2 protein chains.
Amino acid sequence: MRDVYLIGIGQTKTTKNAGIRGRYLAADAIEQALESAGLERDRISMLVTGNMMSGMLTQQQQLGALIADVVGLRGIEAATVESACSSGAAAARWAFMGVAGGFHDAAIVCGIERMTHAGREDITAALATAADWELEGCKGESFISLNAKLMKLYMEAYGVTAADFAHFAITAHDNGYTNPNAFLQKQIDFDTYMNSRMLVDPVKLFDAPPVCDGAAAVILACEDVARAAARSGLPLIKVAGSAIGTDSLALAERVDQLQLSGVALSTKRAFAQAGVSKDDIDLFELHDAYTIITSLSLEAAGFAEKGRGVHFGKDGEIALDGKLPISTMGGLKSRGHPVGATGVYQLAETYMQLTGTAGANQVPGAEVALIQNIGGTGATVISHVLMAA
Amino acid sequence: MRDVYLIGIGQTKTTKNAGIRGRYLAADAIEQALESAGLERDRISMLVTGNMMSGMLTQQQQLGALIADVVGLRGIEAATVESACSSGAAAARWAFMGVAGGFHDAAIVCGIERMTHAGREDITAALATAADWELEGCKGESFISLNAKLMKLYMEAYGVTAADFAHFAITAHDNGYTNPNAFLQKQIDFDTYMNSRMLVDPVKLFDAPPVCDGAAAVILACEDVARAAARSGLPLIKVAGSAIGTDSLALAERVDQLQLSGVALSTKRAFAQAGVSKDDIDLFELHDAYTIITSLSLEAAGFAEKGRGVHFGKDGEIALDGKLPISTMGGLKSRGHPVGATGVYQLAETYMQLTGTAGANQVPGAEVALIQNIGGTGATVISHVLMAA
C-alpha cells in the first residue's frame, strides 16, 4: 500500500440559489484544486464525486462522468459515491484506495450538492431518505425530528439542559465568522442561541445546520506526484488513515441509541491505520450537523466519557487555541452543510490548518487531525487522519 | 496489487412488483452468494452497493450501510456507487480495488434496483437522469428516444435496415429462455421482432430491455480466502482486469456519435491489465440494453469494423456455440435490466460460464470472458475480464 498525500484544495462559497448548475459549481472547486496543487490536469486519471440528492432534486445522475467531462477530463475513470451526508468523505475513501492501491497516481475528489432551488418540502423529503424509510421515514420522521429524539434522550439520561449545548454552536459561529466561504458568516451569543426558533423540541435553529449549496474538491496523489507538486514552505500533508464504520440506519435498531458505534468503529480503524491515538490529535474536524451529534461524537471517538461529551469544551478546550479545536472553519453549522460536499469541505479546511494557511482561523501548531463525516444519524461514519509530514 | 478472485454469486429472479422491499431482495442475493462461496459472513469486511434510483423511486438512500445491517454485517465498511445503468459494475470496481489494494480480504458487491412499483412516468423520468439533463433530459429526451437517435443515425450512415438488428434480440431471447432467472423467459422469432410495437422510431419493443426489479451479488476475495473456499472440481475465477472509461453524457457533445469511445477506452484498459487481447475472449457479456448499443459495442471493443457491428453474428458467431457468444443468459433484453443490478448479474452469469455451471446455457470451453456494463448512452463504461485460473 502506497502513502497518499492531499496536495490541493478548492472550495466554493456555500450559498443559497447558487444560480449556476451543479456541474459548474463542481468545476469551480476542481479548477481551484488543480491550481492549488500546481498540477497539470493530464496527471489526473480518476475522479470520484460525492453527492446525495442530485437525482432527486436536479434530475441529474451519473455526475462522475459528467463532471470529468466538464473539467476537460473526458475519458478518465469516474463515478459517484452516495452515503447520505457522508457522501463526500466516502468519495475520498474510494479515491484514497485508488491511489494507495497503485491504481492511480493522482485523483480528484469532488463533493457537490445543490438543493436550495427546490421547495422546502422536497428538500425535507430528500434529506429524509438518509433515514430508514420503513422504520422512520414513512412514519413522518425527518432528519430534524430524529436528532430531536436523540437530544431529548440524552438530556433525560444525563440530566442536562438545552443550555448545555450552547457552546458548540457559539464556537462554530465564532470560527465561521472569519471564514469567507461560510454560509452563516456571523457570530452568535448565548442569548441568540437560547432564543432561536424551536424546530422540533428540543432542537432549536442554532442546534441545526443551514441548508445551502456548495462544492469542494481535493486532490489525492502518490508520493512522487506530491513531491513534484510541493510548494516551497508548505509541509506535505499525508492521508495517514482512512476508514468507514457503519451502524443501523434506524435509531430504534441500536442497542444503545446514545452510543454512536459507527463513530467508535470508524475512529478506531483510522487511528490504527495511522498509528496514532487520541492524544496525538491536534484538531477534530467533526460532523457537527446537530449539537447532539457533536456531543455523541466526542464521546464515541474517545475524547469524552459517556454522558460527558456535552460538557467538553465549556472551558475553551474546543476553541482554536484550545486542546482540541473543533469546527475550526465554522463546521456544518456556520460554514454550512451542502450535504454531499460537506466531507470534502472538511478535508479542504483541515489541509489549510495543517499547512498553516488557515489565516484568522489558524489552529497554532496543528500537525495531526481527525476528520469525521457522518451519514444519517450515525449509520455511515467516515474518518480520515491527516498529518503534516 | 494482489490477485482478486470471484468466489460466490447470488441472483434473484428478475421480476415485476417484487412485493418485497429492495433491502430484502438484496439480502436474498447476498445470502445466496455467501452460501455459494461457502464463506462465513465474518470473513466479509466490505460491502459496496450499486444502485441508481432508490432515492428517486423508493425514498431510500444510504443503501450500503442499510443492506450491510440487514444481512448481519452491521459495522463493516459499506457505501453505494452510482453511475446510472452501470452502477452495479462500478460497485464491483470499488470492491476490486478494496481487495486488490489489500484493504479487505473479502468484499460483497450487491447490485439492486426496484422500480416496477412506480408509475410509468416516474420510471421514465428517473431513467432520464442518466442523460445530460441540461442538453437532453430537459428537452424531453428519454432513454428510448436517445437510443432511437443513435439507431437512426447508424442506419442512415451505413445503409442498414431495422431487420439487420433482429439477430441480437433473437439470440438474447434464445438464451434467456433457458435461464430460470430471466424476466422474459421466452423465445422470439424474426416476425415477432419485426412486428413488435414501435416505441420511438426506429426502436421497437424488442430492441429495448424490459423494466424489472432484481438484485444480484458476487463476492470478491484475495487468493488465500479464495483457495480456502474453493469447491472441488470448480476452477478458481480470477478478476484479471477491471477498468472504467468515460465519455460525455450528451450524444451531441461527442466528436463521432457512432463511436462509443468509453467502450474503447474501458476495453483497452481492462485488456492491458489482464494481459489479453480480443482473440483470447471466449465470450463477451455485453450491455445489450438496445440492439444499437450491441452493434456499437462490438465495434468499439474491437470485435467488428466500424459500421459492421450490426452484421456480426448473423452467421451464428454470437450463439452459445459460436466464436463470440454474447448475452449468454439472455442479456439485458431477456434476463432483464434491473438497472443498478445489471452489472452484477452479468458478473454472476459469467462466473457460471467459466465454472461450467451454466447448464443449458453453457458456452463450451469458456475460459476467458469480457463483461461490459454501460451507464447512459455510453458515458460510463465498466469492463471486467474474468479468467478461469
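Residues numbered from 1 in each chain as written. Chains lettered and ligands numbered in written order. Predicted model: local features only at pLDDT ≥ 70, side-chain atom pairs only at ≥ 80, totals over all residues.

### Focus on the overall build of chain A
No. 1: Per the secondary structure count, chain A includes 13 helices and 11 strands.
No. 2: The C-alpha radius of gyration computed for chain A amounts to 19 Å, which stays within 12% of the reference 21 Å derived for 389 residues, consistent with globular compactness.
No. 3: Taken along its principal axes, the extent of the C-alpha atoms in chain A is 55 × 45 × 40 Å.
No. 4: The proportion of buried residues among the 389 residues of chain A is 65%.
No. 5: When contacts within chain A are restricted to residue pairs at least 6 apart in sequence, long-range pairs at least 24 apart make up 77% of them. (Helix = DSSP H or I, 4+ residues; strand = E, 2+ residues; numbered from the N terminus. Rg over C-alpha atoms; globule rule 2.2 N^0.38 Å. Buried ≥ 20, exposed ≤ 12 C-beta atoms within 10 Å, placed from the backbone. Contact = placed C-beta atoms within 7 Å.)

### Overview of the interface of chain B and chain A
No. 1: Listed as interface residues are 51 residues of chain B and, on the opposing side, 51 residues of chain A.
No. 2: Looking at the side of chain B that touches chain A, the elements that each hand over two or more residues are α2 (54–58), α3 (63–70), β3 (77–82), α4 (87–100) and β8 (237–246) of chain B.
No. 3: Among the elements that line the side of chain B that touches chain A, the one with the most residues is β3(B), at 6 residues.
No. 4: Of the residues contributing to the side of chain B that touches chain A, the split by class is 22 nonpolar, 21 polar and 8 charged.
No. 5: As judged from the 3 bridges shared by strand β3 (residues 77–82) of chain A and β3(B), these two strands associate in the antiparallel manner. Looking at β3(B), one finds that E82(A) is bridged to T80(B). (Nonpolar A, V, L, I, M, F, W, Y, C, P; charged D, E, K, R; others polar. Pairing = 2+ DSSP bridges.)

### Things to note about the relation of the copies chain B and chain A
No. 1: Rotating chain B by 180° and translating it 0.0 Å along the rotation axis places it on chain A, where the RMSD comes to 0.0 Å. Taken together, these values place the two copies in the relation of a two-fold axis. (Least-squares fit on C-alpha atoms with pLDDT ≥ 70 in both.)

### Things to note about the pairing of β3(A)
Residues and elements named next belong to chain A.
No. 1: For β3, the tally of buried residues reaches 6 of 6 residues, placing the bulk of the element in the interior.
No. 2: Here 5 bridges tie strand β2 (residues 46–50) to β3, and the two strands are oriented parallel to one another. Of the residues in β3, the one forming a bridge with V48 is A79.

### Here's the deal with the environment of A270(B)
All names here are of chain B.
No. 1: Along the chain, A270 turns up in helix α10 (residues 261–274).
No. 2: Taking the C-alpha atoms as reference points, A270 and D164, 106 residues apart in sequence, are found 30 Å from one another.
No. 3: Not counting residues up to four positions away in its chain, the partners in contact with A270 are G241, S242, A243, S383, H384 and V385.

### Re α10(B)
All names here are of chain B.
No. 1: Compared with the 20 Å implied by 1.5 Å per residue over 14 residues, the 20 Å span of α10 between its first and last C-alpha is a close match.
No. 2: Taken as a whole, α10 has its buried residues at G262, V263, A264, L265, S266, T267, A270, F271 and A274.
No. 3: For α10, the elements touching its buried residues are β8, α11 (291–300), β10 (368–375) and β11 (380–388).
No. 4: After α10 finishes, the residue G275 shows a positive phi value of roughly 70°. (Expected span 1.5 Å × (residues − 1).)

### Topic: the nonpolar core
No. 1: Ranked by size, the top nonpolar core spans 272 residues in total, and within it V218(A) and V218(B) carry the most contacts.
No. 2: For V218(A), the residues in contact, after removing those within four places along its chain, are L6(A), G8(A), I9(A), A33(A), A92(A), V109(A), V344(A), L347(A), A348(A) and Y351(A). (Core = buried A, V, L, I, M, F, W, Y, C linked by C-beta atoms within 7 Å.)

### Points about unusual backbone geometry
No. 1: With an omega dihedral of 5°, the bond running from D201(A) to P202(A) counts as a cis peptide bond.
No. 2: Its place among the elements puts P202(A) in the loop between β5 (198–200) and β6 (203–204).
No. 3: With a phi angle near 55°, Q62(B) is a residue other than glycine that sits in the positive phi range.
No. 4: By secondary structure assignment, the location of Q62(B) is in the loop between α2 and α3.

### Things to note about helix α7 (residues 166–176) of chain A
Three- or four-residue spacings in an α-helix give side chains the same orientation, since the helix completes a turn every 3.6 residues.
All names here are of chain A.
No. 1: With respect to burial, α7 is a largely interior element, 10 of its 11 residues being buried.
No. 2: Buried within α7 we find A166, H167, F168, A169, T171, A172, H173, D174, N175 and G176.
No. 3: Buried residues in α7 make contact with α8 (190–194), α11 (291–300) and α12 (331–334).

### Considering the confidence of the model for chain A
No. 1: In the predicted model, chain A carries a mean pLDDT of 97, and the fraction of residues at 70 or more is 100%.
No. 2: The ipTM for the predicted assembly is 0.97, set against a pTM of 0.98. (pLDDT = per-residue confidence, 0-100.)

### A word on the packing of helix α4 (residues 87–100) of chain A against helix α13 (residues 342–354) of chain A
Residues and elements named next belong to chain A.
No. 1: Between α4 and α13, whose axes approach to 5 Å, the crossing angle comes to 65°. Accordingly, the angle class assigned to the pair α4 and α13 is roughly perpendicular. Residues S87, G88, A89 and A92 of α4 touch α13, and the partners they reach there are T342, G343, V344 and L347.
No. 2: Classifying every residue of the contact of α4 with α13 by side-chain character gives 4 nonpolar, 4 polar and no charged. (Axes fitted to C-alpha atoms, helices over the stretch in contact; angles between N-to-C directions. Parallel < 35°, antiparallel > 145°, perpendicular 65-115°, else oblique.)

### Describing the packing of helix α6 (residues 143–158) of chain B against α11(B)
All names here are of chain B.
No. 1: Two elements in contact, α6 and α11, have axes whose closest approach is 9 Å; the angle formed by their N-to-C orientations is 60°. Looking at the two axes, α6 sits oblique to α11. Taken as a pair, α6 and α11 cross one another with a handedness that is left-handed. Facing N147, L150, M151 and Y154 of α6, the residues of α11 in contact are I292, I293 and S295.
No. 2: In terms of residue class, the contact of α6 with α11 is made up of 5 nonpolar, 2 polar and no charged. (Left-handed = near helix turned anticlockwise from the far one by under 90°.)

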